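Residues per chain are reported as follows:
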Amino acid sequence: MQAVSGHAIWSSRFAFLMAAIGSAVGLGNIWRFPYLAGANGGGAFILVYILTIIAIALPILITEILLGRMGKASPIMSMRRLISAHGASGLWSIIGWGGTVGAFFVLSFYSVIGGWAIHYVTYAATGVFAGMNGDQAGALFADLTADPATLIAWHTIFMAVTVFIVAGGVKAGIERAVVILMPLLFLLLLGMAIYATTTAGFGEALRFMFDFRFQDIHPSTVLAAIGQGFFSLSVALGAMMTYGAYVDEKESISSSAIIIAIADTSVAILAGIAIFPLVFTYGLEPGSGPGLTFVTLPIAFGTLGSGIIVGIAFFTLLSVAAITSSISLLEPTVAWAEEKFTLSRVKLSILIGFGAWLLGFLTVFSFNHLAGFHPLAGLGLMKDKTFFDIFDFTTSNIVMPSVGFLMAVFAGWVLSSGVVAKALGAEKAVWFPFWRFLIRYVAPLGVISIFVANVLLPG
Ligand code: PHE
């Protein structure tokens, strides 16, 4: 079956769910969540994170999938259609553009980090982790990030795989692979979390993750939690909108979105339970930044015999999780380009992937040659940030919340209640007024007040 615009339709609800969970579950859960939680006070961050997922990110996820299914095209084209069908201002097209451009930027750095994951498969396979202590694991990671040539090589491989899959169409390869690989990743993570319970730092880790003090909650914690919620659920970059465009009219969007959010959040929490006990057992620093996952887990693998099998399995699955996310970052731009240009999908995927690959060099150099270079040194919040930090911070904490805010306002205030209820198939649903309240008031006001608080009360 073909959608109006010539795009494909998922072959089943299960296929859509797997693709969407594949998009949601990725480096955001296993790499980004633990290090942000570590840097933002642990329990305070995790509590705020869960609350903002329920009140803000999940309602917007429902909205985004819905807007995609209503528009049945790339985010840019879907918004254009919705604008003309409902007589809205052309300014709303910023939702489509903002998301698509944001996805392109995220793809550029995502691929570099995804490259680390693939490289770690080779470390595991050659027994590098055997008997490793905290310092050695730290040095291994530091050596990798200090070496631009190696980073570029793995970044290239990661991007090439992403392009290859997107060029072939999302349906053929990815649907089949994610069905098996995502549950496997979950099981392996569960195993590692169970292993972590046997380490000496487990109690301290639990306290770190689940004890919270109100005085630990700053506006910047909340902004980081909202940003992470958007990032982790793949919300507001057009990825879910594009996948939503391929969803059959009969499917329930709300229940799918809830399943996606539960799967995604459980993987993140599980990653925290696997990682923080090791942080405390080996005297590492929870707030040490983007290297956290890559420094802690190898120590655990190294204690498990030679750690070869589990290490290979884990980093392979992490790479797969990253790939199933990165394809959803490339897809919005490719879907748009397909509508716009006559070039083949293959050529367009290569061209766009090439652009993101080039942009990724700025991230590569942020860890070595340009590590001390702060391009926006004059700008308060940005003053100590490298290119990578700026891309990461701007997309997650500015672009995603803004686009998400606009999506909520568009669906909550511009589209009428009747139109939205019908499109969701929720005319009689008891949860509908509740969801509508969240996207009309809670999500927009929540995002705005956090922005304002961060400007007024920096730090
Ligand atoms: N959700 C993905 C992750 O957690 C990243 C992502 C963000 C993918 C936005 C698509 C869109 O790794």
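A brief structural summary. (Residues numbered from 1 in each chain as written. Predicted model: local features only at pLDDT ≥ 70, side-chain atom pairs only at ≥ 80, totals over all residues. Heavy atoms only, no water.)

### Quick notes on the overall build of the protein chain
When helices and strands are counted, the protein chain shows 18 helices and 0 strands. Taking 23 Å as the expected radius of gyration for a compact globule of 459 residues, we find that the protein chain reaches 21 Å, a close match to that expectation. Taken along its principal axes, the extent of the C-alpha atoms in the protein chain is 65 × 50 × 45 Å. Relative to its 459 residues, the protein chain shows a buried fraction of 59%. Sequence-distant contacts in the protein chain: of pairs separated by 6 or more residues, those separated by 24 or more amount to 80%. Accessible surface, the protein chain: about 16,900 Å² in total, of which carbon and sulfur atoms supply 72%. The averaged location of the 20 negative side-chain charges in the protein chain is 13 Å from the averaged location of its 20 positive side-chain charges. (Helix = DSSP H or I, 4+ residues; strand = E, 2+ residues; numbered from the N terminus. Rg over C-alpha atoms; globule rule 2.2 N^0.38 Å. Buried < 20%, exposed > 50% of the residue type's maximum accessible area, 1.4 Å probe, protein only. Contact = heavy atoms within 4.5 Å. Areas by Shrake-Rupley, 256 points an atom, 1.4 Å probe, with all protein chains shown as cover. Lys, Arg positive; Asp, Glu negative; His and termini not counted. Charge placed at Lys NZ, Arg CZ, Asp CG, Glu CD.)

### Describing empty space enclosed by the protein
If a probe as big as a water molecule is rolled over the atoms, it shows which places are left empty. Scanning the entire structure with this criterion turns up 1 cavity of 30 Å³ or more. Each pocket or cavity is described by its volume, and for the largest cavity that value is around 140 Å³. Together, 17 residues line the largest cavity, and Ser23, Tyr110, Phe231, Ser234 and Leu329 are the ones closest to its centre. Breaking the lining of the largest cavity down by element, the ones donating at least two residues are helix 1 (13–24), helix 2 (27–39), helix 5 (94–125), helix 10 (219–232) and helix 14 (308–340). In terms of residues, the lining of the largest cavity owes the most to one element, helix 14, which gives 3 residues. (1 Å grid on protein atoms, 1.4 Å probe; cavity = no way out; pocket = protein on both sides within 12 Å on 5 of 7 lines; lining within 4 Å. Points joined across faces, edges and corners; volume = space filled by probe spheres on them.)

### Things to note about the environment of lysine 383
Mapping lysine 383 onto the fold places it in the loop between helix 15 (345–366) and helix 16 (387–414). Given the relative accessible area of 45%, lysine 383 is considered partly exposed. When the C-alpha atoms of lysine 383 and valine 121 are compared, they prove to be 35 Å apart, with 262 residues separating the residues in sequence. Dropping the residues within four chain positions of it, lysine 383 is found in contact with His374, Leu376 and Ala377.

### Considerations on helix 2
Given a rise of 1.5 Å per residue, 13 residues ought to cover 18 Å, and the 17 Å separating the end C-alpha atoms of helix 2 matches this to within 8%. At phenylalanine 33, helix 2 shows its maximal kink, close to 35°; a proline, proline 34, follows between one and four residues later. Burial of helix 2 is extensive: 12 of the 13 residues sit out of reach of the surface. Looking at helix 2, one finds that the buried residues are Leu27, Gly28, Asn29, Ile30, Trp31, Arg32, Phe33, Pro34, Tyr35, Leu36, Ala37 and Gly38. Phi turns positive, to about 90°, at glycine 41, one or two residues after helix 2. (Expected span 1.5 Å × (residues − 1). Bend = angle between axes of the 7 residues up to and from the residue.)

### Examining the side chain of threonine 333
Considering the arrangement of structural elements, one finds threonine 333 in helix 14. Looking at threonine 333, the relative accessible area reads 10%, which means it is buried. Each residue touching threonine 333, except ones within four places of it in the same chain, is listed here: Thr100 and Ile352.

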